[in-house]
Amino acid sequence: AAYQVAREFGFFVPVTVLTKLNGTMGSLQLFMEGLPTAEPAEKTGAEFSRSLMTRVFDALVANGDRTPSNVLLDSSGREVLIDNEAAFGPASFLSLSPNELQRFRQDFPEVTARLMNSKTDARLRKELAARKAMEIDQFFQRLNQFRKAIVDLQNGTLSPQAPQRQHEFEPLGL
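These numbers come from a predicted model, not from an experiment. By convention here, each chain's residues receive numbers from 1 onward along its written sequence. Side-chain atom pairs in this predicted model are given and counted only at pLDDT of 80 or more, local residue features only at pLDDT of at least 70, and totals for whole chains, interfaces and linings cover all residues. Hydrogens and water molecules were not included; the side-chain quantities draw on all heavy atoms of the structure.

1. A word on the pattern of salt bridges
Salt bridge, as applied in this entry: a Lys or Arg side-chain nitrogen positioned within 4 Å of an Asp or Glu carboxyl oxygen. Scanning all chains against the criterion turns up eight salt bridges. Close ionic contact of R66 with D58 constitutes a salt bridge, the shortest N to O distance being 2.8 Å. With respect to class, R66 is no different from D58; both count as buried. For D121, the salt bridge is made with R147, and the minimal N-O distance between the two is 2.9 Å. Taken as a pair, D121 in helix α5 (residues 121-127) and R147 in helix α6 (residues 133-155) lie far apart in primary sequence, 26 residues in all. R147 matches D121 in its accessibility class, with the two residues each being buried. Burial classes follow relative accessibility: with a 1.4 Å probe on protein chains only, a residue under 20% of its type's maximum area counts as buried, one over 50% as exposed, and anything between as partly exposed. A run of H or I in DSSP becomes a helix once it reaches four residues, and a run of E becomes a strand once it reaches two; helices and strands are each numbered from the N terminus.

2. Concerning the packing of aromatic side chains
Here is the rule: rings of Phe, Tyr and Trp (six-membered ring for Trp) pair when centre to centre is within 6.5 Å. Planes less than 30 degrees apart are stacked, more than 60 are edge-to-face, and the remainder are tilted. Counted according to the given criterion, the structure contains five aromatic pairs. Between F88 and F139, the ring centres sit 5.9 Å apart and the planes meet at 55 degrees, which makes this aromatic pair tilted. One end of the pair, F88, is in the loop between β4 (79-81) and α3 (98-107); the other, F139, is in helix α6, with 51 residues separating them in the sequence. An angle of 80 degrees between the planes, with centres 5.9 Å apart, marks the rings of F104 and F146 as edge-to-face. Taken together, the residues F104 in helix α3 and F146 in helix α6 connect sequence positions 42 residues apart. Per residue, the accessibility class of F104 equals that of F146, and both read buried. Members of the aromatic cluster, each reached through a chain of ring pairs, are F88, F139 and F140. Here, a charge over a ring means that NZ of Lys or CZ of Arg falls within 6 Å of the ring centre while also lying within 35 degrees of the ring normal. In this structure, R125 packs its charged tip against the face of F140, placed 4.2 Å from the ring centre.

Listed below in structure tokens is the structure:
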């Protein structure tokens, strides 16, 4: 399911498919051989932007299990997000600060535009149908919170400089 979200919005997760082997459901992911892991260091500039892309993806899919060992770097420096098994956890809130949202909007306008396009919601709901209904609903709550926060930033009703903590956005109804 994380792969479908990544593909829809422009994040990079290797091709992943659901499969059944010997009667057991599982997933099969393209192996990314020889790529180095992202170093967990203080990031600035382009490195900060890359890691912010990962933070937004993980916040949207509620992946609370991201570690440096499952963030690889391809030859162009793009982060490749592997091991998304913990995605679609029980979070119904968006865990991003207004400052992170503002920076993401500035650094990734094309991805932001794709995330803001609600015309993709029906297709994505269909692709995610194998997930539990609650997980899908919580994903769309987080996506709608992202959309509302971006609109609030654009309208000046949410300041990126506001002293807000992460997880402070209220859950939105669908």
